[in-house]
Structures are given as structure tokens and as C-alpha cells.
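Examining the three-dimensional arrangement
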Amino acid sequence: MRVYVPVTSSGLAEVAARRGLTAPLTAHAVTDAVREALADGDVDDWEYAALTAAADASDALRVAGDRPRRFVLAVDAESVQPGEGSEVRVLSDVAWADIAAAHADTVDHAADDDELAWFARQEIPDLL
């Protein structure tokens, strides 16, 4: 299942160093709740809603010392437990190869409604 994992710049550095993510993880995904809330939408709308929720969560996770940017990892997870709304719990570790891409702000202090840019997995170290 494709999930969107919110991280901070320090979290992204840890992912790059470890070459993966350690479970359990809180993420966002297209859940039944997302489909119901956006009943007139399509899969692209649902995916965008999950990505946006993860971006908001990334912003909330930031602490002193983190870059003032939102970072989200698009991950193909095997074991996922539904939560509230778009939130899910990833129950198994994620290998580097299962990170499909990263989404990130391209400038510091971007507005909440700015679009995140897409970066390939091999570009993740460059985001640091």
C-alpha cells in the first residue's frame, strides 16, 4: 500500500543514513475515510489529500534545529493498520528500495498551500 510518511529534515537525514525506516511509523494513506470524505473525487484527489495531510503532519513535527520545510516520503508499505481519517500505522520496517519518492518544499518557510516538489529516492541525500 502506498503511504505518505511525514518527516523533518533531521528525520530525513536519519532515513538516508539508515537507508530505510524503522517501524512503527505514523503515515497517511488513501483510506475508506478519505474516499468517503471525497466521494466525488478520484484516486488522484484521494492521493493528494493523503499527501497534504502528511505535509501538515511534517510541519507539526518540526523542532528547533530542523529546516523550516515540509518533507514527506512516499513509501510502499506491506503491513498497515488503519487509524482515524487518512492516518495509518505502518507496522513493518521499510527498506530503502520501498521508498518510492520524496516530496518537499523547495524554499524555507513555504506557505501551507504551496505545492511540494517531487524527488526521486536517489535525490533524498541532496535534500539535506
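Fair warning: this is a prediction, and the values are worked out from it, not measured in the lab. (Residues numbered from 1 in each chain as written. Predicted model: local features only at pLDDT ≥ 70, side-chain atom pairs only at ≥ 80, totals over all residues. Heavy atoms only, no water.)

1. So, the nonpolar core
Going by this rule: Remark: nonpolar core denotes a set of buried residues (Ala, Val, Leu, Ile, Met, Phe, Trp, Tyr, Cys) joined through side-chain atoms within 4.5 Å. For every residue, the accessible area (1.4 Å probe, protein chains only) is compared with the maximum for its type, and the residue is labelled buried under 20%, exposed over 50%, or partly exposed between those bounds. We count a stretch as a helix when DSSP gives it H or I for four or more residues in a row; a strand needs E for two or more, and each element gets its number in order from the N terminus. Contact between two residues is taken to exist if any of their heavy atoms lie within 4.5 Å; hydrogens are not considered.
One finds V3, V5, L21, L73, V75, I99 and I124 to be the most contacted residues of the largest nonpolar core, which totals 24 residues. Only β1 (2-7), α1 (9-18), β3 (25-28), β4 (71-76), β6 (87-90) and β8 (99-104) provide two or more residues apiece to this core. Excluding residues that lie within four positions of it along the chain, L21 makes contacts with V5, V15, L73, V75, D93, V94 and I99. Of all hydrophobic cores here, the second largest spans eight residues; its members include Y4, L51, A55 and V72.

2. Some words on the packing of aromatic side chains
Condition: For Phe, Tyr and Trp, rings pair up if their centres lie within 6.5 Å, where Trp contributes its six-membered ring, and each pair is then called stacked (planes under 30 degrees apart), edge-to-face (over 60) or tilted (otherwise). Whether a charge sits over a ring depends on NZ of Lys or CZ of Arg being within 6 Å of the ring centre and within 35 degrees of the ring normal.
Inspection of every chain in the model, using the stated rule, returns zero aromatic pairs. The ring of W96 carries R19 above its face, with NZ or CZ at 4.1 Å from the centroid.

3. Quick word on unusual backbone geometry
Leaving glycine out, the prevailing phi sign among residues is negative, and the prevailing peptide bond configuration is trans. Cis peptide bonds are those with omega within 30 degrees of zero, and the linkage from A23 to P24 qualifies with 0°. Tracing the sequence through the fold places P24 in the loop between β2 (20-21) and β3. The residue R19 is not glycine, and still its phi comes out positive at about 60°. As for its position among the elements, R19 is in the loop between α1 and β2. For R19, a relative accessible area of 44% corresponds to the partly exposed category. With a phi angle near 60°, H109 is a residue other than glycine that sits in the positive phi range. Mapped onto the elements, H109 comes out in the loop between β8 and β9 (117-120). For H109, a relative accessible area of 66% translates into the label exposed.

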